[in-house]
Structure formats: structure tokens, C-alpha cells
Amino acid sequence: MKRRIRSRKIESEHKSYINYLHKHRSMKCAIEELLLKKQADNILIQLFRYTFVGGTAALVDFGSFAVFTIYFLIDYRLAVFFSFTLGTLTNFFLCNAFVFDRKSLPIWVACIRHYLSSSGGLATNEIVLIFLVEVVHFNHLLIAKIIATVSAFIVNFLLIKFYAFNSKIKIVAKIGGNKI
């Protein structure tokens, strides 16, 4: 009798363990799909991935901004341009790899569109930063940069999603016979 109860208990624990593994394997697969699966069409998945891509690009942007202003003593208005350019290049390559599908767009067209789209983010970044520093007289330059970067994040995502990686949009400008 005790053997049978013990056997059922072990069998029950084994089933619980199998269910536990199955549940966590499903969660792991869902997380992997959200983060690592090739480009997705779902805007929420794209936004989720873009948050990580944008975060990485923001670290490049923020880090280079700090280096330019603190170590090279470059004026913040010029440093923000250089740092944003480096962050945008990082953003393009990561977006191309993990977030958006270029479909039939040549990579150079997507890259040019990405930089054109990012100019809206750059303008947002510059305007917010200058407004905070020169109009509001906000004394914490790096915190002002964070606020400006968050503002640019929103503008960038929308422009990049709906223009840079959108193969349906044809723009009049031509470079080398190809529409951008």
C-alpha cells in the first residue's frame, strides 16, 4: 500500500515537473520569438523590439555625446549632431536585422530613408535639448539629453516604420536612377 502511494506521488511529481518544463519552454519560445525571430509585421512586436534596438542606439548616442562634450570639450549643439549620427547608424543596422523587413528595398535605399527619417528625430532631439538648456535653463545637461532622446525615440519609430522600411512608398527624388 505504501509503495503504491509512493509510486503515485512520484508519478504525480514527475507529471508536475513535465508540465513545469513544458510551460517554461513555451514561455522561452515566446520570448525568443519576440526578441530573436526575423522581422515581424505586428506593430506591437516591432515596438517591443525597437525599444531594445533604440535602447542600444541610445547608449551609443548618449555615450558618444558624453565623450564629445566631457573629454573633447565639443559644444553640446555640435556634439548632439555627431552622437545622434552614430546612434542612427547603429539603429539602422539593428532595425534591418531584427525589427523591420526591407522586403524589396535595396539596403542603400533603406539606409538613406532611415537617415532621412532620423532627421526628424534629430530635429526633435536638438529642439528639445536647446529648449531645455537655453529656454528653461535646465542645468543638468545629461538629464536634458535623456529627455530629448525619449522624445526623438517616438518620432524615430513612427518615421522609420512608416517610411524608411516601407517598400510601398515611392518618393520623387532619384539617386542613380532609383527612387528613394
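Given the structure is predicted, the values throughout are model-derived calculations rather than measurements.

Student: Please explain the overall build of the protein as it appears in this structure.
Tutor: Of the regular secondary structure elements, the protein holds five helices and two strands. Secondary structure elements in the protein, listed N-terminal to C-terminal, are α-α-α-α-α-β-β. Within the protein, the fraction of its 180 residues that count as buried is 32%. The long-range fraction of contacts in the protein, counting pairs at least 24 apart against all pairs at least 6 apart in sequence, stands at 70%.

Student: What's the story with helix H3 (residues 76-99) in this structure? I'm lost.
Tutor: Every α-helix winds through 3.6 residues per turn, so residues three or four apart in the chain are directed the same way. Those residues of H3 lying buried are Tyr 76, Ala 79, Val 80, Ser 83, Phe 84, Gly 87, Thr 88, Asn 91, Phe 92, Cys 95, Asn 96 and Val 99. Each element contacted by the buried residues of H3 is listed here: helix H2 (43-71), helix H4 (107-135) and helix H5 (141-164).

Student: Would you mind going over the nonpolar core with me for this structure?
Tutor: Side chains of a nonpolar character, in soluble globular proteins, are inclined to be buried together. The biggest cluster of nonpolar side chains holds 14 residues, and the ones touching the most others in it are Tyr 50, Cys 95, Val 99, Phe 100, Ile 160 and Phe 165. Elements that contribute at least two residues to this core include exactly H2, H3, H4 and H5. The next biggest cluster of nonpolar side chains, apart from the first, holds 11 residues, and it includes Phe 68, Val 80, Leu 132 and Val 133.

Student: I keep staring at unusual backbone geometry and nothing clicks. Help me out?
Tutor: Leaving glycine aside, a negative phi is the common case for residues, and trans is the common case for peptide bonds. Its identity as a non-glycine residue notwithstanding, Leu 73 has a phi of 55 degrees, on the positive side. Topologically, Leu 73 is positioned in the loop between H2 and H3. A relative accessible area of 69% places Leu 73 in the exposed class. With phi around 60 degrees, His 137 is a residue other than glycine that occupies positive phi space. Structurally, His 137 is set in the loop between H4 and H5.

Student: Got a minute to help me understand the pattern of salt bridges in this structure?
Tutor: Pairing between side chains of opposite charge can happen when their charged atoms approach one another. Counted according to the given criterion, the structure contains three salt bridges. Arg 77 is the partner of Asp 75 in a salt bridge, and the nearest nitrogen-oxygen pair spans 2.9 Å. Taking relative accessible area as the criterion, Asp 75 reaches 36% and is therefore assigned partly exposed. Note that Arg 77 and Glu 134 form a salt bridge whose closest N and O atoms lie 3.0 Å from each other. Linking Arg 77 in helix H3 with Glu 134 in helix H4, this pair joins segments that are 57 residues apart in sequence. With relative accessibility at 38%, the residue Glu 134 sits in the partly exposed group. Bridged by salt links that share partners, the residues Asp 75, Arg 77 and Glu 134 form one connected network.

Parameters at a glance
- Residues numbered from 1 in each chain as written.
- Predicted model: local features only at pLDDT ≥ 70, side-chain atom pairs only at ≥ 80, totals over all residues.
- Heavy atoms only, no water.
- Helix = DSSP H or I, 4+ residues; strand = E, 2+ residues; numbered from the N terminus.
- Buried < 20%, exposed > 50% of the residue type's maximum accessible area, 1.4 Å probe, protein only.
- Contact = heavy atoms within 4.5 Å.
- Core = buried A, V, L, I, M, F, W, Y, C linked by side-chain atoms within 4.5 Å.
- Salt bridge = Lys/Arg side-chain N within 4 Å of Asp/Glu carboxyl O.

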